[in-house]
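The chain contents come next:
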Amino acid sequence: MNLILIIICILLIAVVLMQSGKAESASFTGASDRLFVNRKERGGELFMTRLTFVLGAAFFIICFIMGF
């Protein structure tokens with residue numbers, strides 16, 4: 001179980017580092033409330049977001065199981 005947790009941790013770190021910043025082209029001068037209004041994730045970006053969610057959920061569940 002520890003080996004699986006370590007593998008998930010490494011994959012989660014790698015996936016998070018490979019994601020592009022969502023605010024990389026934004027100027028934070030007051031227009032940040034409308035920053036993500038028309039932004040849709042597509043293709044690889046959507047896959048990376050979903051993979052991050054799945055790995056994070058798996059990490060949480062395994063840690064929760066190991067705690068008991």
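Quick notes on the rules
- Residues numbered from 1 in each chain as written.
- Predicted model: local features only at pLDDT ≥ 70, side-chain atom pairs only at ≥ 80, totals over all residues.
- Heavy atoms only, no water.
- Axes fitted to C-alpha atoms, helices over the stretch in contact; angles between N-to-C directions.
- Helix = DSSP H or I, 4+ residues; strand = E, 2+ residues; numbered from the N terminus.
- Parallel < 35°, antiparallel > 145°, perpendicular 65-115°, else oblique.
- Left-handed = near helix turned anticlockwise from the far one by under 90°.
- Contact = heavy atoms within 4.5 Å.
- Nonpolar A, V, L, I, M, F, W, Y, C, P; charged D, E, K, R; others polar.
- Core = buried A, V, L, I, M, F, W, Y, C linked by side-chain atoms within 4.5 Å.
- Buried < 20%, exposed > 50% of the residue type's maximum accessible area, 1.4 Å probe, protein only.

So, about the packing of helix α1 (residues 2-18) against helix α2 (residues 44-67). Two elements in contact, α1 and α2, have axes separated by 9 Å at closest approach and are oriented at 150°. Accordingly, the angle class assigned to the pair α1 and α2 is roughly antiparallel. When the axes of α1 and α2 are compared, the crossing they make is left-handed. Every residue of α2 that contacts α1 at Asn2, Ile4, Leu5, Ile8, Cys9, Leu11, Leu12, Val15, Val16 and Met18 is listed here: Met48, Leu51, Thr52, Leu55, Gly56, Ala58, Phe59, Ile62, Cys63 and Met66. Taken together, the residues of the contact of α1 with α2 sort by class into 17 nonpolar, three polar and no charged.

What follows covers the nonpolar core. Nonpolar side chains tend toward joint burial in soluble globular proteins. Within the largest apolar cluster, seven residues are counted, these being Leu5, Ile8, Leu12, Val15, Met48, Leu55 and Ile62. Of all the elements in the fold, those that place two or more residues in this core are α1 and α2. With four residues, α1 is the single largest residue contributor to this core. Beyond its immediate sequence surroundings of up to four residues, valine 15 is in contact with Met48, Leu51, Thr52 and Leu55.

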